[in-house]
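A closer look at the structure
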Amino acid sequence: MADIKKLMVPWLEGLKPYFSEHIEKAWEDRSLVRMMSNEGPFGPQKAVFDKLVEGAKMANRYPDSLNHIKKKIGEINFGLDQDWVLLGNGSTEILDMTFRSFLQPGDELIQSLPCYGIYIQRANIIGAKTVSIMSKDNWEYDIDKIENAISPRTKIVVLANPNNPTGNLIDDSIYNRLARKDIILICDEAYIEYSGLENSKIPLMKKYPNMIIARTLSKAYGLAGMRFGYALGHPETIGIISRTIMSWNISLICAFGAYAALNDQEGLKEKIRLTNEGRDYIESELAKIEGITVFHTNGNYILFDASKTGAKSEEIVNAVLEKHNIILRKMNPFKGREGLFRITIGNKEENEKCVKAVKEFFESR
Ligand SMILES: Cc1ncc(COP(=O)(O)O)c(C=O)c1O
């Protein structure tokens, strides 16, 4: 009998498959209010839904290379040509393909904490080492520390704009400094549409062939379950990453839905307007709680620090779930702040329910 463990690549030792407890919980009980995963609360617009159905009717066919979608994405993004665009099964696959293209076992990837948890997970499965640099007290990236951490083994630095969970937009100077280094610089713009594409780092990316921008339809477009993301970069860089594409990584059904969503910029604007309205409401209401710090966001999630009240992240999140059926996101105690928690902005009704629940928790202490 083959010794499977001996055949396994050694860097998979000790790793676990990705598992999200709160998403499992939300699917088990669909009455729970999902304010934990930075999904959009609004279902697909009719124009998108109809196209998904049209695609489903042709599910017996393989899709082509979807150049019409790349062309549309280029048009939306500063008029880039289609060879500056790469499509992925969510931006997670874009990140994965980029990691596979530039990292090998023993290489290093630099991330800044707190950040999206999948960077380290995808680096681990390649056998690369993740070097994590803690952000400054105001959650700005600590560029000096990041720069100092770059070693001959560093191949990739990944920094989100705006960052999740902190919500802050990043200054050009940070990317400028890093893009001049001999590394691949990934700018993860999963949430950029909420603050507007004028905040995108595309103009910088055009200057630097070693810079890649990762985008998704999971957030502002509200299509997380459809799984569609894309990368923007110089054609040579996109050409290299394209070598790793899994054939037909975008399902035909998803392609139909994505094209319709990208063509409905008015529908997108409306979702963004409602979300930003919800953000202003939640931020201003919860700022009234004594001892709570609200970190203003440029995404569809808000980070709060209740450490000064003495309440711990887990306590808050558990109470809101148990008493009000709302799932929020507990956070690790970054910088010793034990009261950090994150709320994903929902629809109007969900936001009101959530504000009431959080206020009730603090009032009853
Ligand atoms: C910063 C960031 N990047 C990327 C993603 C992944 O999005 P998707 O794979 O759904 O495109 C997320 C999801 O939460 C995120 O927070």
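In case you missed it, the structure is sitting above this.
Quick summary incoming for the structure in this document. (Residues numbered from 1 in each chain as written. Predicted model: local features only at pLDDT ≥ 70, side-chain atom pairs only at ≥ 80, totals over all residues. Heavy atoms only, no water.)

**As for the side chain of Arg122**
Counted only if it meets this: Here a strand is any run of E in DSSP of at least two residues, a helix any run of H or I of at least four, and the numbering for each starts at the N terminus. Pairs of N or O atoms within 3.5 Å make up the polar contacts considered here, provided that, within protein, one atom can donate a hydrogen while the other can accept it, and that residues adjacent in sequence are counted only when both atoms are side-chain atoms. Any two residues having at least one pair of non-hydrogen atoms within 4.5 Å are treated as being in contact.
On the secondary structure map, Arg122 appears in helix α6 (residues 118–124). Within the structure, the side chain of Arg122 is placed 2.9 Å from the side chain of Asp96, a separation counted as a polar contact. In terms of polar contacts, Arg122 uses its side chain to reach the side chain of Gln121, at 3.3 Å. What Arg122 contacts, discounting residues up to four positions off in sequence, is Asp96, Phe99 and Arg100.

**Regarding the site of the ligand**
For clarity, the threshold we go by: Note on terminology: near, applied to a residue and a molecule or strand, indicates that one of the residue's heavy atoms is within 4 Å of it. The Shrake-Rupley method, run with a 1.4 Å probe sphere, supplies the accessible areas, and residue values consider only the shown protein chains as cover. For this classification, Asp, Glu, Lys and Arg are treated as charged, while Ala, Val, Leu, Ile, Met, Phe, Trp, Tyr, Cys and Pro are nonpolar and the rest, including Gly, are polar.
Close contacts around the ligand come from 13 residues, with Thr92, Asp188, Tyr191, Thr216 and Ser218 the closest. Asp188 has a polar side-chain atom sitting 2.6 Å from a nitrogen atom of the ligand. Interatomic distance of 2.5 Å between a side-chain N/O atom of Thr216 and an oxygen atom of the ligand. In isolation the ligand exposes 400 Å². Once the protein is present, 93% of that is buried. In terms of residue class, the shell around the ligand is made up of four nonpolar, six polar and three charged.

**Notes on the environment of Met211**
Just so we agree on the cut-off: The buried label applies to any residue whose accessible area, calculated with a 1.4 Å probe on protein chains only, is under 20% of its type's maximum; exposed applies above 50%, and partly exposed to all values in between.
With respect to the helices and strands, Met211 occurs in strand β7 (residues 211–216). According to the relative accessible area criterion, Met211 is buried, its value standing at 0%. Here the alpha-carbon distance between Met211 and Ala123, two residues 88 residues apart in the chain, equals 18 Å. Apart from the residues within four sequence positions on either side, Met211 is in contact with Tyr175, Leu185, Cys187, Lys201, Leu204, Met205, Leu232 and Gly233.

**Let's talk about the environment of Ser218**
Looking at the element boundaries, Ser218 is found in the loop between β7 and β8 (229–232). On the basis of relative accessible area, Ser218 is assigned to the buried category, the value being 5%. Along the chain, Ser218 and Glu39 lie 179 residues apart, while their C-alpha atoms are 6.7 Å from each other. Beyond its immediate chain neighbours, meaning those up to four positions away, Ser218 contacts Asn38, Glu39, Gly40, Leu223, Ala224, Arg227 and Phe228. Polar side-chain contacts of Ser218 include one of 3.5 Å to the side chain of Arg227.

**Quick look at helix α8 (residues 172–179)**
Buried within α8 we find Ile174, Tyr175, Asn176, Leu178 and Ala179. On its buried face, α8 is in contact with α7 (143–149), β5 (154–160), β6 (184–188), α9 (202–207) and β7.

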